[in-house]
Protein chains: 2
Amino acid sequence: MSTTSRIAHIAIVVEKLDDALRFWRDALGLPLAHTEQNPAENVEIAFLPLGESEIELLQPTAPESGIGKFLARRGAGMHHLCLEVEDIEATMERLRAHDVELINETPRERPDGTRYAFIHPKSAFGVLVELYEAPRG
Amino acid sequence: MSTTSRIAHIAIVVEKLDDALRFWRDALGLPLAHTEQNPAENVEIAFLPLGESEIELLQPTAPESGIGKFLARRGAGMHHLCLEVEDIEATMERLRAHDVELINETPRERPDGTRYAFIHPKSAFGVLVELYEAPRG
């Protein structure tokens, strides 16, 4: 069986990164590893490592983006849960065999070689789940 | 500074544990460690270890309970994020010094010696955060 190894990150949508960092970094004491702009998704992201996982804070940079609409509709809060898997294709095949609906039918790939795919929340009982496979070294 | 060491668990509210387990256990392949009834909170919980964390599925056993009302109002989905801290009192003191509002003014204790307290979601930008300190050995 393909193995799900860890929570890679929890993504949290916030209105303003600077405000949210006052809680997550300054009050709670998590380190801020870095921030980055993701123009393709219209989002700015702050990465805060926590054990073997990360807290990712997402600030929409355009109201019409997916994250911008989520913020307008639901307010700030947890957006998705990302799980690292050893073999994303094997995991996706197994999910399909259990009639789980995937948002991405094939893995998408980031420039760093990371591959990912989202599971539809209706198949995951209300949770938007991202599968993530690290680059093969 | 008091250290926040890991994501202890993500709690997910579901309508029926058996249905949700078909996704989390059967399709995704996470092991089910055990289930337990929590009559004080009117909830039945399934624990699925994942790396250094756990996925906790919460099924309300009474519609008027806190979890029952959450399900009725928001639908199934992520409910709270639990972080392990080394020293819960030091963490709470630090949070208060940063004007963070706590739901529990002092740590609550479970029979196993676990201590916990919740941070108000308005101070954590929409996320209900639980702090957890393991029993001191």
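What follows concerns the pattern of salt bridges. Residue and element names in this part refer to chain A. Enumeration over the complete set of coordinates arrives at 16 salt bridges over all chains. The closest approach of N and O atoms between R110 and E130, which form a salt bridge, is 3.3 Å. One end of the pair, R110, is in the loop between strand 6 (108-109) and strand 7 (115-119); the other, E130, is in strand 8 (residues 129-133), and 20 residues separate them in sequence. Overall, R110 belongs to the partly exposed group, its relative accessible area being 33%.

Time to look at the relation of the copies chain A and chain B. Overlaying chain A on chain B yields an RMSD of 0.0 Å, the required transformation being a rotation through 180 degrees with an accompanying axial translation of 0.0 Å. The symmetry that links the two subunits is that of a two-fold axis. The residues that chain A uses at the interface reappear at the interface of chain B in 100% of cases, marking a shared surface.

On to the nonpolar core. Judged by nonpolar contacts, the single largest core of 64 residues is most densely connected at W24 and L57 of chain A together with W24 and L57 of chain B. Not counting residues up to four positions away in its chain, the partners in contact with L57 of chain B are I12, V14, L17, A20, L21, W24, E44, I45, A46 and L48 of chain B.

Residues K69, R73 and R74 of chain A together with K69, R73 and R74 of chain B make up a contiguous surface patch of positive charge. By secondary structure assignment, the location of R74 of chain B is in helix 2 (residues 66-74). With a relative accessible area of 40%, R74 of chain B lands in the partly exposed category.

Within the element layout of this structure, V13 of chain A appears in strand 1 (residues 4-13). Measuring from C-alpha to C-alpha, the distance between V13 of chain A and P135 of chain A comes to 26 Å, with 122 residues separating the pair along the chain. Contact partners of V13 of chain A, with chain neighbours within four places excluded, come to L58, I67, F70, L71, A76, G77 and H79 of chain A together with F125 of chain B.

Calculation criteria
- Residues numbered from 1 in each chain as written.
- Chains lettered and ligands numbered in written order.
- Predicted model: local features only at pLDDT ≥ 70, side-chain atom pairs only at ≥ 80, totals over all residues.
- Heavy atoms only, no water.
- Salt bridge = Lys/Arg side-chain N within 4 Å of Asp/Glu carboxyl O.
- Helix = DSSP H or I, 4+ residues; strand = E, 2+ residues; numbered from the N terminus.
- Buried < 20%, exposed > 50% of the residue type's maximum accessible area, 1.4 Å probe, protein only.
- Least-squares fit on C-alpha atoms with pLDDT ≥ 70 in both.
- Contact = heavy atoms within 4.5 Å.
- Core = buried A, V, L, I, M, F, W, Y, C linked by side-chain atoms within 4.5 Å.
- Patch = residues over 30% accessible without salt bridge, like charges linked within 9 Å, V, L, I, M, F, W, Y side chains within 5 Å.
- Areas by Shrake-Rupley, 256 points an atom, 1.4 Å probe, with all protein chains shown as cover.
- Lys, Arg positive; Asp, Glu negative; His and termini not counted.
- Charge placed at Lys NZ, Arg CZ, Asp CG, Glu CD.

Limitation: the analysis is restricted to geometry and does not speak to function.
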